Amino acid sequence: MTHTASLPSQSVVARGALSALLATAALLATFSLAGCGAPAVAADIGERASVPVRTPSDEIVGQEVAVVTRAPNVPAPITRTHATKVIVNLDVIEKTMRLADSVEYTMWTFGGSVPGSFIRVREGDLVELHLRNAANSTMPHNIDLHAVTGPGGGAKSSLTLPGGESVFTFTAMNPGLFVYHCATSPVPMHMANGMYGMILVEPKAGLPKVDREFYVMQSEFYTKGKFGEHGLQSLDMDKGVDERPTYVVFNGSVGAIAGENALQAKVGERVRFFFGDAGPNLTSSFHLIGEVFDNVYGEGGSAVTQHNVQTTLVPSGGAVMVELGLEQPGDLILVDHSIFRAFNKGALGVLKVTGAANAKVFAVKKSIGAVGE
Amino acid sequence: MFLPLLLAALAGMTHVPAGSYEQLYGKGERVAVRAFSLDRDAVTRGQYQSFVRGHASWQRDAVGRDMADAGYLADWRSPRLAGGALDAPVTGVSWHAARAFCESHGKRLPTVAEWEYAAAASEHVRDASRDPAFRARVLEAYAKRGSGARAGTSTANVYGVRGLHDRVWEWTLDFNPAATAHRHGSAGHEHHAYCASAALGAADPSNYPAFMRYAVRSGLNERSTLSALGFRCAA
């Protein structure tokens, strides 16, 4: 199947228009900068034209409360064709949750889950973020959204005591997939305890239509006990400093998207992963065993940067969007291909694909497994 | 010298000799602390109940919002009746209320310097702040906050002070330089409370317990109340 065909023509047109707009904005910015520093030469203007200095100018029409979701679910694509005011409510909750079978950890969460609630807004939207910290929390918390242009990504304005609420607004100017996290001191502790999630700023033209979207976030846990050691575990700071995680997991716990909780799709469908890496330390080598990523939006940016990718590198505090068409039934295995993490630390997930097999795609001719069965 | 020590002991206080501690944001300089007296235990619900019975203006239904927010003694059975465990640390009290309590006993709140200095002590040494085992224990204790422990049940540190780390956060007199700058004329440090930049200028970036206390204090104002924030008095 070809994948460039899945890009709707309207998006190409809109991107063209957008580029022209941005180029104009950049040109204006160039003029305003001309007064200081070295005089601009022709080549210089050419360089600068690709760097927009943005001014939110979309008319904000109406208001809505964002529907946020828990992983692996993703809010429905935005069908609006105008900017609006989006109210996002995030509740910070500290609670003891499962990290693995018979292993618990007191996690600090955005929305009661790890990773935190998935937020979906449209490029140009005015977002009013309400951060509420549960009254029984032990710590103040705040939020740094990487999609925010502003002090600390919002963190400076959102330190929220237990029982309190902070509110700030920002315009979602840059389309793409962004990580958010708590940035209260000591930041590594808040992140190691589960305080991260993602926000998608959907491009104005939308993303190509797919049949299913999934939200998966990789992160590490550093526990006093060894991997699998039963009981309530707590943060081992030394392991964190040494970058020796006990657990590397997808969606907050070992097996969160495996077994009964495996992701589901059908042959013939197109799927998109919103994949983030919360760290706090490790870079992920995101790979899907038994498939190939048809489109990769490198580092979670707004453009497809590569096709036909086996493994995509996702930085800590970064993200990626990948799209693929499903041609064959079976269990596709999500891994961090730094493979000890998958085998021994929990970085495993399953996308169960059902439907008819196509022998031209793959066929077994002779194998030990076939004989044994 | 003898008389003040005796009086302090009778009032449930202990003498903390002069010394110094390593300030979180102090470029490694040690801050000198004069000798003072400190309550052995955090003020309990029972003690605070006696206080509000003698000072009706500090009862829940009488306190103005300029003195304490809506969380003030919110978990009490009634304005005059604490209910629950009377030997548990009182929480849900504002800075104004904590100050008033201490003053009614001829005492005051400890300063940040005094509190941090006293809290750096383990059972065996006066400054355990750079001891990884002590630090790990404190972090562990902070993780278990809110489990409803009683006052006076934990091991005393080398000064005889109990429960500085394993009960509740505690008010200090000058808890937030940023919030109280208008009164004291000191510089604000609000940038230290967020982002990785909090590590900039820190004497010891591994002192997570100190960062946590700093973050809690940074978020407070004089009217704040928290279900895990109590106090003890100094003199």
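As a starting point, this report considers the structure included with it.

Basis of the calculations
Residues numbered from 1 in each chain as written. Chains lettered and ligands numbered in written order. Predicted model: local features only at pLDDT ≥ 70, side-chain atom pairs only at ≥ 80, totals over all residues. Heavy atoms only, no water. Helix = DSSP H or I, 4+ residues; strand = E, 2+ residues; numbered from the N terminus. Buried < 20%, exposed > 50% of the residue type's maximum accessible area, 1.4 Å probe, protein only. Contact = heavy atoms within 4.5 Å. Axes fitted to C-alpha atoms, helices over the stretch in contact; angles between N-to-C directions. Parallel < 35°, antiparallel > 145°, perpendicular 65-115°, else oblique. Core = buried A, V, L, I, M, F, W, Y, C linked by side-chain atoms within 4.5 Å. Pairing = 2+ DSSP bridges. Buried area = accessible area lost by both parts, 1.4 Å probe. Salt bridge = Lys/Arg side-chain N within 4 Å of Asp/Glu carboxyl O. Phe/Tyr/Trp six-rings, centres within 6.5 Å; stacked < 30°, edge-to-face > 60°. Polar contact = N/O pair within 3.5 Å; in protein donor to acceptor, adjacent residues only side chain to side chain.

## A short note on the overall build of chain A
What chain A contains, in helices and strands, is six helices and 21 strands. Taken over 373 residues, chain A has a buried fraction of 50%. Within chain A, counting contacts between residues at least 6 apart in sequence, those at least 24 apart form 71% of the total.

## Regarding the environment of methionine 189 of chain A
Along the chain, the position of methionine 189 of chain A falls in helix α3 (residues 187-192). Classification of methionine 189 of chain A by relative accessible area gives buried; the value is 5%. When the C-alpha positions of methionine 189 of chain A and aspartate 336 of chain A are compared, they lie 23 Å apart, and in sequence the two are 147 residues distant. Among residues more than four places away in sequence, those in contact with methionine 189 of chain A are Trp108 and Leu235 of chain A together with Leu139, Tyr208 and Met212 of chain B.

## A word on the packing of helix α2 (residues 45-54) of chain B against helix α3 (residues 95-104) of chain B
Residues and elements named next belong to chain B. At their nearest, the axes of α2 and α3 sit 11 Å apart, and the two run at 80° to each other. By the angle between their axes, α2 is roughly perpendicular relative to α3. Only Ala97, Ala100, Phe101 and Ser104 of α3 make contact with α2, whose side of the interface consists of Gln47, Tyr48 and Phe51.

## Observations concerning the nonpolar core
Counting 101 residues, the largest nonpolar core has Leu145 of chain A together with Tyr48, Tyr72, Trp171 and Phe231 of chain B as its most contacted members. If you tally residues by element for this core, the top one is strand β2 (residues 83-100) of chain A, at seven residues. Ignoring anything within four residues of it in the chain, the contact list for tryptophan 171 of chain B reads Val93, Ser94, Trp95, Ala98, Leu109, Pro110, Leu220, Asn221, Ser224, Leu229, Gly230 and Phe231 of chain B. Residues Ile257, Leu282, Val322 and Leu334 of chain A belong to the second largest nonpolar core, which totals 26 residues.

## Digging into the sheet that holds strand β13 (residues 263-266) of chain A
All names here are of chain A. One open sheet accounts for five strands, arranged β13-β21-β20-β15-β18; its pairing is mixed. The outermost strands of the open sheet, each flanked by one partner alone, are β13 and β18 (311-314). When the angles between neighbouring strand axes are averaged without regard to direction, this sheet yields 20°. Summarising the sheet, strand β15 (residues 284-289) and β18 pair through four bridges and their orientation is antiparallel.

## Examining the interface of chain A and chain B
Taken together, the contact between chain A and chain B spans 23 residues of the former and 23 residues of the latter. Interface area, chain A with chain B, both sides summed: about 2,000 Å², of which 71% is carbon and sulfur. On inspection of chain A and its partner chain B, the count reaches one salt bridge. Of the charged contacts, one joins glutamate 140 of chain B and lysine 224 of chain A as a salt bridge, the two residues approaching to 2.9 Å between their closest N and O atoms.

## What to know about the pattern of salt bridges
Under the criterion given, the structure shown has 28 salt bridges over all chains. A salt bridge links arginine 137 of chain B to glutamate 123 of chain B; its shortest N-O distance comes to 3.1 Å. Separated by 14 residues along the polypeptide, arginine 137 of chain B in helix α5 (residues 132-143) and glutamate 123 of chain B in the loop between α4 (112-119) and α5 bring together distant segments of the chain. In this structure arginine 137 of chain B comes out as partly exposed when scored by relative accessible area, which is 47%. Within this structure, Arg120, Glu202, Glu213, Arg272 and Glu323 of chain A form a network of salt bridges that share partners.

## Remarks on the packing of aromatic side chains
Residue and element names in this part refer to chain A. Evaluation of the coordinates by the stated rule reveals 24 aromatic pairs over all chains. An angle of 50° between the planes, with centres 5.3 Å apart, marks the rings of phenylalanine 118 and phenylalanine 274 as tilted. Here phenylalanine 118 is found in the loop between β3 (103-110) and β4 (119-122), whereas its partner phenylalanine 274 is found in strand β14 (residues 270-279), with 156 residues between them in sequence. As far as burial versus exposure is concerned, phenylalanine 118 and phenylalanine 274 are alike and both buried.

## Some remarks on the environment of glycine 164 of chain A
With respect to the element layout, glycine 164 of chain A can be found in the loop between β6 (144-145) and β7 (165-171). The residues touching glycine 164 of chain A, leaving out its near neighbours within four places in the chain, are Leu131, Arg132 and Asn133 of chain A.

## Things to note about the side chain of threonine 109 of chain A
Residues and elements named next belong to chain A. Mapping threonine 109 onto the fold places it in strand β3. For threonine 109, a relative accessible area of 0% puts it in the buried group. In this structure the side chain of threonine 109 is engaged in a polar contact, spanning 2.8 Å, whose partner is the backbone oxygen of isoleucine 93. Separated by 2.8 Å, the side chain of threonine 109 and the backbone nitrogen of glycine 112 make a polar contact. Aside from chain neighbours lying at most four places away, what touches threonine 109 is Asp91, Val92, Ile93, Met97, Val114, Gly194 and Met195.

## Quick word on unusual backbone geometry
Between serine 185 of chain A and proline 186 of chain A the backbone carries a cis peptide bond, its omega angle lying at -5°. Counting through the fold element by element, proline 186 of chain A comes out in the loop between β8 (176-181) and α3. Of note, the amide linkage connecting glycine 279 of chain A to proline 280 of chain A takes the cis form, showing an omega dihedral of 10°. Checked against the element boundaries, proline 280 of chain A lands in the loop between β14 and β15. Of note, asparagine 308 of chain A is a non-glycine position whose phi angle comes to about 60°, a positive value. Although it is not a glycine, leucine 73 of chain B sits at a positive phi angle of roughly 50°. Topologically, leucine 73 of chain B is positioned in the loop between α2 and α3. With relative accessibility at 0%, the residue leucine 73 of chain B sits in the buried group.

## Looking at the sheet that holds β4 of chain A
Residues and elements named next belong to chain A. Judged by pairing direction, the sheet is mixed, and its four strands sit side by side in the order β4-β9-β8-β6 without closing on themselves. The strands lining the two open edges of the sheet, one partner per strand, are β4 and β6. Examined bridge by bridge, β8 and strand β9 (residues 196-202) share six bridges and lie antiparallel to one another. Following the sheet pairing, leucine 177 is matched in β9 by leucine 200.

That is the geometry; function is a separate question.
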